[in-house]
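Reading the structure
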Amino acid sequence: QFQLVESGGGLVQVGGSLRLSCAASGSIFTINAMGWYRQAPGKQRELVAMVTSGGRIDYGDSTEGRFTISRDNAKGTVDLQMNSLNPEDTAVYYCAAYRGTMSDYDPRRPYFTSWGQGTQVTVSS
């Protein structure tokens, strides 16, 4: 079965950094984009960053400039380097793999997307 396995979440101080990692297994060549979304309590799930197989990167409004996404297409892995963290970054972070066609690709409307189990990121104030 297709799976996404996440690691790297945890507790970090304000201004600190974390690196999240995600590895896909099973039919990884069906993946056209990989990345991360997050959801805070009482909030909608929002885009953090997605990168396509061709290198197109889309960052969320609150993460661009502080977070950096990288992907290894052959390995089916994607990482998220998170710097200058603040309490507003506290959320459950979900790895995402888009398996639809690129003509239908819209990272702000993640249809045809598989999800990891989520990893908690907590930034202490």
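Structure: above.
Here the structure is a predicted model, which means the values were calculated and not measured. (Residues numbered from 1 in each chain as written. Predicted model: local features only at pLDDT ≥ 70, side-chain atom pairs only at ≥ 80, totals over all residues. Heavy atoms only, no water.)

1. Considering the side chain of Glu6
Under the convention used in this document: Numbering goes from the N terminus for both helices and strands, where a helix is a DSSP run of H or I of at least four residues and a strand is a run of E of at least two. When a residue's accessible area, from a 1.4 Å probe over protein chains only, is under 20% of the maximum for its type it is buried; when over 50% it is exposed; and in between it is partly exposed. For the purpose of charge, His is not counted, nor are the chain termini; Lys and Arg are scored as positive and Asp and Glu as negative. For salt bridges, the criterion is a side-chain nitrogen of Lys or Arg within 4 Å of an Asp or Glu carboxyl oxygen. Under the rule applied, a polar contact is a pair of N or O atoms within 3.5 Å (in protein, one hydrogen donor and one hydrogen acceptor; residues adjacent in sequence only if both atoms are side-chain atoms). Contacts are residue-level and defined by heavy atoms, with any inter-residue pair within 4.5 Å sufficient.
Among the secondary structure elements, Glu6 is positioned in strand S1 (residues 3-7). Buried and without a salt bridge, Glu6 has Arg45 as its closest oppositely charged side chain, separated by 9.3 Å. Here the side chain of Glu6 touches Cys95 through a polar contact of 2.3 Å, landing on its backbone nitrogen. For Glu6, the side chain forms a polar contact with the main-chain nitrogen of Gln117, separated by 3.2 Å. Among residues more than four places away in sequence, those in contact with Glu6 are Ser21, Cys22, Trp36, Tyr93, Tyr94, Cys95, Gly116, Gln117, Gly118 and Thr119.

2. Side note on the sheet that holds S1
The cut-off we apply is this: Between any two strands, at least two bridges found by DSSP are needed for them to pair. Lines are fitted to the C-alpha atoms to define the axes, a helix being fitted only along its stretch in contact, and any angle between axes, read from their N-to-C directions, falls within 0 to 180 degrees.
As summarised here, the arrangement of the 4 strands in space is S1-S3-S8-S7, forming an open sheet in which the pairing is antiparallel. Two strands bound the open sheet, and with one partner strand each, they are S1 and strand S7 (67-72). Neighbour to neighbour, the strand axes of the sheet diverge by 15 degrees on average, direction disregarded. Pairing of strand S3 (residues 18-25) with strand S8 (residues 77-82) involves 6 bridges; the strand directions are antiparallel. Note on S8: the bridge partner recorded for Arg19 is Gln81.

3. Describing the nonpolar core
To keep it simple, the criterion reads: As used in this record, nonpolar core signifies buried Ala, Val, Leu, Ile, Met, Phe, Trp, Tyr and Cys residues forming a set joined through side-chain atoms within 4.5 Å.
Counting residues in hydrophobic clusters, the biggest one holds 27 residues, and the most contacted among them are Met34, Trp36, Leu80 and Tyr93. Apart from the residues lying within four places of it in its own chain, the contact partners of Leu80 are Leu18, Arg19, Leu20, Trp36, Val48, Ala49, Phe67, Thr68, Ile69 and Tyr93. Core analysis: the next-biggest nonpolar cluster, separate from the first, contains 7 residues, Ala33, Tyr37, Leu47 and Tyr98 among them.

4. Regarding unusual backbone geometry
Apart from glycine, the bulk of residues carry a negative phi angle, and the bulk of peptide bonds sit in the trans form. The phi torsion at Ser27 lies on the positive side, around 55 degrees, for a residue other than glycine. For Ser27, the location among the structural elements is in the loop between S3 and strand S4 (33-39). You will see that Phe112, though not glycine, has its phi angle at about 55 degrees, which is positive. Within the element layout of this structure, Phe112 appears in the loop between strand S9 (91-98) and strand S10 (113-115). Residue classification places Phe112 among the exposed positions, given a relative accessible area of 55%.

5. Considering the state of the cysteines
Stated formally: To count as a disulfide, a pair of cysteine sulfur atoms needs to be within 2.5 Å.
One pass over the structure, following the stated rule, counts 1 disulfide. Paired by a disulfide, Cys22 and Cys95 hold their sulfur atoms 2.0 Å apart. Residues Cys22 and Cys95 are joined through a disulfide that is left-handed, its torsion about the S-S bond being -85 degrees. With Cys22 in strand S3 and Cys95 in strand S9, the pair connects residues that are 73 residues apart, well separated along the chain. Taken individually, Cys22 and Cys95 each receive the classification buried, so the pair is uniform in this respect.

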